[in-house]
Amino acid sequence: MISRLKGTDDILPPDSRRWRALFRAFYRLSELYGYDLALLPVIEATELFSRGVGEATEVVEKQMYTFEDRGGRSVTLRPELTAGMVRAFVEAGALGTMKLAAEGPMFRYEQPQKGRRRQFYQVDFEYLGEASPDADVEVIELSHRFLEEVGVEGITLKVNSIGDSADRLAYRLILQEFLRSREADLSPEARRRIDSNPLRVLDSKADVEAVADAPVPIDHLGEAARAHFGAVCAGLDAVGIPYEVEGRLVRGLDYYNRTVFELFSSSFEAAQSALGGGGRYDPLAGLIGSKKEVPAVGVALGCDRIVEAMPDPGGRRLDLFVAVVDADRRDEARRWLGQLRSAGLRVEWDPVPGRSLRGQFKSADRSGAGAVAIVGDEWSEGEVTVKRFGTGEGERLQIEEVASWLLGR
Ligand code: HAM
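Residue numbers restart at each chain and count upward from 1, following the sequence in its written direction. Totals for whole chains, interfaces and linings use all residues, but because this is a predicted model, local features are given only for residues with pLDDT of at least 70 and pairs of side-chain atoms are given and counted only at 80 or more. Heavy atoms throughout the structure, all of them, feed into the side-chain values; hydrogens and water do not.

Caption draft 1: Structural view of unusual backbone geometry. Going from Pro13 to Pro14, the amide bond is cis rather than trans, its omega being 5°. Strands are runs of DSSP state E lasting at least 2 residues, helices are runs of H or I lasting at least 4, and numbering of each runs from the N terminus. Considering the arrangement of structural elements, one finds Pro14 in the segment before α1 (16-32). Although it is not a glycine, Arg251 sits at a positive phi angle of roughly 70°. Structurally, the position occupied by Arg251 is in the loop between β8 (244-245) and β9 (257-265). Of note, Arg258 is a non-glycine position whose phi angle comes to about 55°, a positive value. Summarising the element assignment, Arg258 is placed in strand β9. We call a residue buried when its accessible area falls under 20% of the maximum for its residue type, exposed when it is over 50%, and partly exposed in between, using a 1.4 Å probe and counting protein chains only. A relative accessible area of 15% means that Arg258 is categorised as buried.

Caption draft 2: Quick look at the sheet that holds strand β15 (residues 383-388). Strand order in the open sheet formed by five strands is β13-β12-β14-β15-β16, and the pairing between neighbours is mixed. Two strands bound the open sheet, and with one partner strand each, they are β13 (347-349) and β16 (395-398). Going from strand to strand, the sheet's axes swing by 35° on average, the running direction of each strand aside. Two strands are counted as paired when DSSP detects at least two bridges linking them. Pairing of strand β12 (residues 318-324) with β13, which is carried by three bridges, proceeds in the parallel orientation. Along β13, the bridge assignment pairs Leu320 with Val347. Any two residues whose heavy atoms approach within 4.5 Å at even a single point are treated as in contact. A fitted line through C-alpha atoms serves as each axis, taken over the contacting stretch for helices, and the angle formed by two N-to-C directions is quoted from 0 to 180°. On the sheet, helix α12 (residues 357-367) packs against β12 and β14 (369-375) and is oriented at approximately 170° with respect to β12.

Caption draft 3: Inspection of the sheet that holds strand β5 (residues 98-107) at higher detail. Spatial ordering of the open sheet is given by β1-β5-β6-β11-β10-β9-β7-β8, a layout of eight strands whose pairing is mixed. Only two strands of the sheet have a single neighbouring strand rather than two, namely β1 (36-37) and β8. Of the strand pairs in this sheet, β1 and β5 are connected by two bridges, and their pairing is parallel. Bridge assignment links Leu37 to a residue of β5, and that residue is Ala101.

Caption draft 4: Summary view of the pairing of strand β11 (residues 296-302). When you tally the buried positions in β11, you get seven out of seven residues, the bulk of the element. Residues Ala296, Gly298, Ala300 and Gly302 line one face of β11 and the alternating positions Val297, Val299 and Leu301 line the opposite face, and both faces are buried. The pairing of strand β6 (residues 119-128) with β11 spans seven bridges and is antiparallel. Bridge pairing in β11 places Gln122 opposite Gly302. Alignment of strand β10 (residues 276-280) against β11, held across five bridges, turns out to be antiparallel. Paired with Gly279 across the bridge in β11 is Gly298.

Caption draft 5: A look at the domain arrangement of the protein chain. With domains assigned, the protein chain is organised as domain 1 (15-164 + 222-309) and domain 2 (320-407). Domain start and stop positions are those given by an automatic or database domain assignment. If you average the C-alpha positions of domain 1 and of domain 2, the two centres end up 47 Å apart.

Caption draft 6: Representation of helix α5 (residues 133-149) within the structure. By this rule, a helix spans an expected 1.5 Å times one less than how many residues it contains. With 17 residues, α5 extends 24 Å from end C-alpha to end C-alpha; this agrees with the ideal 24 Å at 1.5 Å per step. Most of α5 is tucked away, with 12 of its 17 residues classed as buried. Within α5, the full set of buried residues consists of Pro133, Ala135, Asp136, Val137, Glu138, Val139, Ile140, Leu142, Ser143, His144, Phe146 and Leu147. We call two N or O atoms a polar contact when they sit within 3.5 Å, provided that within protein one can donate a hydrogen and the other can accept it, with sequence-adjacent residues counted only if both atoms are side-chain atoms. For α5, the capping residue at the N-terminal end is Ser132, with a side-chain oxygen 2.9 Å from the backbone nitrogen of Asp134. Gly151 sits one or two residues past α5 and shows a positive phi near 90°.

Caption draft 7: The site of the ligand, seen in detail. For each residue, the test is whether any non-hydrogen atom lies within 4 Å of the molecule or strand; if one does, the residue is near. What surrounds the ligand is a group of 27 residues, the closest being Glu80, Thr82, Glu110, Arg117 and Tyr256. One of the backbone N or O atoms of Gly276 is found 3.4 Å from an oxygen atom in the ligand. Contact distances for the ligand include 3.5 Å between a nitrogen atom and a backbone N or O atom of Gly298. Every accessible area reported is derived by Shrake-Rupley at a probe size of 1.4 Å, with residue values counting cover from the shown protein chains alone. Calculation on the ligand without its partners gives an accessible area of 660 Å², and the protein chains cover 96% of this total. Looking at the shell around the ligand, the elements that each hand over two or more residues are β6, β10 and β11.

Caption draft 8: Here's a closer look at the nonpolar core. In this description, a nonpolar core means a group of buried Ala, Val, Leu, Ile, Met, Phe, Trp, Tyr and Cys residues linked to one another through side-chain atoms lying within 4.5 Å. The biggest cluster of nonpolar side chains holds 44 residues, and the ones touching the most others in it are Leu128, Leu179, Leu186 and Tyr281. Those elements giving two or more residues to this core turn out to be α2 (46-54), α3 (58-63), α4 (82-91), β5, β6, α6 (165-181), α7 (188-196) and α9 (284-287). With residues up to four places along the chain from it excluded, the contact list for Leu128 reads Met85, Val86, Phe89, Gly96, Thr97, Met98, Leu100, Tyr281, Val294, Pro295 and Ala296. Residues Tyr33, Tyr127, Ile241 and Phe268 belong to the second largest nonpolar core, which totals 41 residues.

Structure (C-alpha cells):
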C-alpha cells in the first residue's frame, strides 16, 4: 500500500470541519475588507523566488521544491504567495492599488513536526500599490481580526521596523561589526550568516544570548521610516489592538522594508510558533525586474497552525434525515429533498431504496442529523411525521411547515 509523503497531510473529517470554518472566515473577511480573490499558479519560475524572496534566505537556500520541467526550465512549487502576487499585479499592467486575497497550499522542504509541514496552507492578504502606513494598519488589524474570528485565544502581536534599504545598509555594517566582536559565542550557522544575511542572526533561536545586547534596526531608522513606524503604531493604538515592539523581529524573507510583524497564540506553542507574519515589501517589485514601483504590504497566516489553536466548531453537520417507508415514494421524496436544500437546510437520506425503517433510522443516527422526517402513508394527505433526536414523540406536520419547524420558527 502506497502511503502519503512525509510532511504532507490528508485533512479529513472530523478535523476538516475546523478547516471549513477557517476558510469560511477567510472568504467572509476578504469581502468585508474589500480584498478580491486571486487564484495564482502553484508552480512558478524558480527565479521569481530566488530573486524575490532572496538567495541568502533559508527558504531559497534549503527548502524549495525545485526541478527541471520537461522543457528544461527550472521551476519551483511556490513556497509562499507574495512574490507571485506582485508578479501577477505587474504582469496584468494593473494601475493604482489592488487588494488581493488568496489561499492554498505552499511547499517547503522542512524537517516535519507539529505545525511545520512540507505541504502547508496559507491564507494571504496583500495590499498592493499603497505606500500609506494606513495600509499596514489595515493588514495587521485584518490579521488580528481573522484569528479572533476563528476563535483563537491568547493572541499576541509583535511589530518592528527594519527601515528602508539605505537605513539597512548602514545598520548592516554596525551589526556585522558587533557580530564579529562576538564571533566566538555564535552558532556555526550564525557565523556563516555574518556576511551573507546578518539580520537573520537577530532572531536565530540558537543565538539568543549572544545577540541579547546587539544593536537593533529600530534604533537606526532614517527619518521617513521612523515617521512611518510611528504612524503604524498610532493606527494600531487607535483601533485598540495591543502589540509589543520587538526589536529583534526581522522575518526570514529578504523583500521586506519598514514594518514587519508576527502573530502568536497561547494555544499554539511549538518550536515554530508564529501563526502568521507579514510586513511591508516595497522593494519586491524591483527585485523581480519590474520597472514600475509597487509599494505594498501584506500578511500570510498559517492554516495548519491556526486549526491547532481553534476550538471545534461544534454543532450538527445535518439538519434533517428523510426516511422513506415505501420505496414507491422515493421520487417524490427526492424532489422534496431538493426543495428543502433550496430553502437552505442540510438534508440527507438513505441512498439504498427499500431499506427497512429500522435500517434507515440507524443511518439517520449515524448521519449526525438533528431530526428525522418519515415519508409514510400521511404523505398522500400532504403531511410527514417529524421527530427530533433525543426527544420522545414524533408529530405530524404539513410538508410545507417542516422547514420552519426545523429552523425553530
Ligand atoms: P512566512 O513567515 O514565511 O511568511 O509564513 C507565514 C506563516 O505561514 C507562518 O507564520 C506560519 O504560520 C506558516 N508557515 C510557514 N512555513 C510553514 C510550514 N512549513 N508549515 C506550516 N506552516 C508554515 C510568508 O510566507 C510571507 N509571504 C508573508 C507575507 C505576505 N509577507 C507579505 N505578505
